[in-house]
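Commentary on secondary and tertiary structure
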Amino acid sequence: MWGTRLNPGPIAPEKKRKILSFLGIILVVVLGVCAAVWRFSHSPEERVLITSPRDDLDFLAPDPWLMWVTADHLDTTVSRRFDDGRIIQYHVTTGARGIRGGTPGPKEHRLRILAVGDSTTFGLGVRDEDTWCAVLQGILDPGHELIDVVNAGVIGYTLFQARRRVEQLAPILCPDLVLVTVGHNDETKKPGYGDADTSARKTDLVRYELYAQLHNRLFPERPIDPGEQRPRMRRGEFLDDLERFCGITREQGLSLVLIGWPYVQEVFAGQKTLGSYCGLIQMAAAATGTPVIDLAAAFRRAGPTGFMDMVHATPEGNRVIAEHIAEQLRMLFKGGFCEAWQRQSVGRASKLLEEGHAAEAAHLLRIHLNISPRAVPYELLGRALAAMGDRSGALDAWTAGMRADPAHYQNLDLAYQLLGEEGPATNREFWQKMTEQLPDANLVWLNLGRAAMELGFHEEAVAALEKSLELGPGNAAALVLLGEARELLGRNRAAIEAYERALAINPDIPGIAARVQALRERDGQDSTP
């Protein structure tokens, strides 16, 4: 009995069904897990989330952070087909990170200008050398010796993407100045979502695809009503994001300039309701104190023929736009924009000049002055040219420095010394002409008074010096010279008045107190007013 095996008997049909059901569930779960693992480990091929029947977009590549970018290391000819049937072919070359025109070299001491934005910055429809970025480079520094303009524009970009593009490139390229051109694609409507949502979904394609499949089975989507589509960036989103972007770049020590690029019809037909975000750009600039370059004036100079369509410029249009941007940048730099780089650049030239490398210093200063026409670089350029024996060039440089800032006395003093070597008559003639060009510059009138005194034209000297003091009352040197001119004319009381005003400003002027005393003693014999 103990050796006999127990026979459990046949399994009941009900129990058999339960076992088979359980095994089936286990099999389904295992297969589901395997399928999920396979899907998560085999990402589907990414695609660029931008389409257009008019554009050849084969040179764009998907990017999880930016949604798409211009492909690296291109050297190809692409086509652009317009609504009216025109087809334009243009050549595109890129370097690393999709930079149009090639990979930038080392930054070193250069001023690096990073241009980001949409197809207007990229230069859709034109060759590399005809983009406004390339033309701007040619205007400022064709040899890339001191200034480097980097074209990081990408077709189809919104502010959302441009901001991320700056975040991506700034640590790598270390720009000093960022130019941003956006506001055209931001208004483009998409079915129910904006760029922030699109980017969040694209960051993890597989997980979002699984989620989307499950969501669509549980909650089938009804057809999208065109009226329910939304812009890639709503106006409020655009304004808020742009203001935040302005603040962030300032915190990071980057100089930022916004570019207002209107539609052609806004400028020439007065159609202010086309959807351009230029007004929002102006609002963000005003709210954050960020400089903005409005291209409306450049559009008017280029004329309608300067554009291929309602927004993209021809080579000639890009040239006019680049000239306008260069002009506006000069005004900003003259006012102290990118001051740290300016000081570094001028300091480098000054050191070269001190070490006896006048020609090299002059070369760098000429490039520097292409973007920063300030008085100090002109002064150094004049010194360098004078050291090279170019007296005429030195005088031209100091004259330009006077126009840039008449209060920077070094340019006036150096010009006076140089002209004095040619004789007082030449000096006087020069300063007479300068008073016509700079009638409100008190130091110019002062130098005219000095030159007239040297020639013995004391009445002319008094008139010039009185004009100088009218424009700049606190100049002790002008008062002393005026006192001398009046004294030589025998106007002792008037001379005393000028000397005393000079002593009130600087009591330590050598010999003036004694001269006043001597004039007072003689005043009783000479009552000439």
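Residues numbered from 1 in each chain as written. Predicted model: local features only at pLDDT ≥ 70, side-chain atom pairs only at ≥ 80, totals over all residues. Heavy atoms only, no water.

**Things to note about the packing of aromatic side chains**
A full pass over the atoms with the stated rule returns 9 aromatic pairs. Between Phe 238 and Tyr 277, the ring centres sit 4.8 Å apart and the planes meet at 80°, which makes this aromatic pair edge-to-face. Of this pair, Phe 238 sits in helix H7 (residues 235–251) while Tyr 277 is found in the loop between helix H8 (264–268) and helix H9 (278–288), placing the two residues 39 residues apart along the sequence. On the basis of relative accessibility, which here comes to 3%, the residue Tyr 277 falls in the buried class. (Phe/Tyr/Trp six-rings, centres within 6.5 Å; stacked < 30°, edge-to-face > 60°. Helix = DSSP H or I, 4+ residues; strand = E, 2+ residues; numbered from the N terminus. Buried < 20%, exposed > 50% of the residue type's maximum accessible area, 1.4 Å probe, protein only.)

**Section: the side chain of His 368**
One can find His 368 in helix H13 (residues 358–371). Take His 368: its relative accessible area is 1%, and that puts it in the buried class. A polar atom in the side chain of His 368 sits 2.8 Å from the side chain of Ser 345. Those residues in contact with His 368, other than ones at most four positions away along the chain, are Leu 146, Trp 341, Gln 342, Ser 345, Val 346 and Pro 377. (Polar contact = N/O pair within 3.5 Å; in protein donor to acceptor, adjacent residues only side chain to side chain. Contact = heavy atoms within 4.5 Å.)

**Structural notes on the confidence of the model for the protein chain**
Residues with a pLDDT of 70 or more make up 83% of the protein chain, whose mean pLDDT is 87. Across residues 1–6, where pLDDT falls below 50, the model places 0 contacts with residues more than four positions away in sequence or in other chains. Low confidence marks residues 40–46, where pLDDT is under 50. Its contacts with residues over four positions away, or in another chain, come to 10 contacts. (pLDDT = per-residue confidence, 0-100.)

**Some thoughts on the pairing of strand E10 (residues 255–260)**
A large share of E10 lies buried, amounting to 6 of its 6 residues. Along E10, one buried face is formed by Ser 255, Val 257 and Ile 259 and the opposite face, lined by Leu 256, Leu 258 and Gly 260, is buried too. Inspection of the sheet shows strand E7 (residues 177–181) paired to E10 by 4 bridges, in the parallel sense. Note on E10: the bridge partner recorded for Leu 177 is Ser 255. (Pairing = 2+ DSSP bridges.)

**Observations regarding the nonpolar core**
The biggest cluster of nonpolar side chains holds 103 residues, and the ones touching the most others in it are Trp 132, Leu 136, Leu 179, Ile 321, Ile 325 and Trp 431. Among all residues touching Ile 321, those that are not within four sequence positions of it are Trp 132, Trp 261, Leu 295, Ala 298, Phe 299, Phe 307 and Ala 313. The next biggest cluster of nonpolar side chains, apart from the first, holds 46 residues, and it includes Leu 57, Leu 60, Ile 155 and Val 180. (Core = buried A, V, L, I, M, F, W, Y, C linked by side-chain atoms within 4.5 Å.)

**Observations concerning the packing of helix H16 (residues 409–420) against helix H17 (residues 424–437)**
Interhelical geometry of H16 versus H17 gives an angle of 140° and a closest axis separation of 8 Å. When you trace H16 past H17, the crossing you get is right-handed. Only Thr 426, Asn 427, Phe 430 and Trp 431 of H17 make contact with H16, whose side of the interface consists of Leu 412, Ala 415, Tyr 416, Leu 419 and Gly 420. Each residue belonging to the contact of H16 with H17 can be placed in one class, and the counts come to 6 nonpolar, 3 polar and no charged. (Axes fitted to C-alpha atoms, helices over the stretch in contact; angles between N-to-C directions. Left-handed = near helix turned anticlockwise from the far one by under 90°. Nonpolar A, V, L, I, M, F, W, Y, C, P; charged D, E, K, R; others polar.)

**Details of helix H21 (residues 492–505)**
Taking 1.5 Å of rise per residue, 14 residues should cover 20 Å, and H21 covers 20 Å from first to last C-alpha, within 8% of that figure. Every buried residue of H21 is listed here: Asn 492, Ala 494, Ala 495, Ile 496, Ala 498, Tyr 499, Ala 502 and Leu 503. (Expected span 1.5 Å × (residues − 1).)

**Some details on empty space enclosed by the protein**
Where empty space is left becomes clear once a probe the size of a water molecule has been rolled over the atoms. A complete count under the given rule lists 1 cavity of 30 Å³ or more for this structure. Estimates place the volume of the largest cavity at around 40 Å³. Forming the boundary of the largest cavity are Ser 119, Thr 120, Gly 123, Leu 124, Trp 261, His 312, Ala 313 and Asn 318. Within the lining of the largest cavity, the residues separate by chemical class into 3 nonpolar, 5 polar and no charged. (1 Å grid on protein atoms, 1.4 Å probe; cavity = no way out; pocket = protein on both sides within 12 Å on 5 of 7 lines; lining within 4 Å. Points joined across faces, edges and corners; volume = space filled by probe spheres on them.)

**Quick notes on the pattern of salt bridges**
Counted by the stated rule, this structure contains 28 salt bridges. The salt bridge involving Arg 163 is made with Asp 241; its shortest N-O contact spans 3.2 Å. With a gap of 78 residues between them, Arg 163 in helix H4 (residues 159–173) and Asp 241 in helix H7 connect regions that are remote in the sequence. Residue class for Arg 163 comes out buried when judged on its relative accessible area of 14%. Classification of Asp 241 by relative accessible area gives buried; the value is 5%. Among the charged side chains, a network of salt bridges with common partners joins Arg 163, Glu 167, Asp 241 and Arg 244. (Salt bridge = Lys/Arg side-chain N within 4 Å of Asp/Glu carboxyl O.)

**Here we look at the environment of Gly 336**
Within the secondary structure layout, Gly 336 lies in the loop between helix H11 (315–334) and helix H12 (339–354). In this structure the C-alpha to C-alpha distance between Gly 336 and Ser 372, which are 36 residues apart in sequence, comes to 8.7 Å. Ignoring any residue separated from it by four or fewer positions in sequence, one finds Gly 336 in contact with Gln 342 and Arg 374.

**Considerations on the side chain of Asn 447**
When you line up the elements, Asn 447 lands in helix H18 (residues 442–455). Accessibility expressed as a relative area gives 2% for Asn 447, which makes it buried. Within the structure, Asn 447 has its side chain in polar contact with the side chain of Arg 450 (distance 3.0 Å). Apart from the residues lying within four places of it in its own chain, the contact partners of Asn 447 are Leu 412, Tyr 416 and Trp 431.

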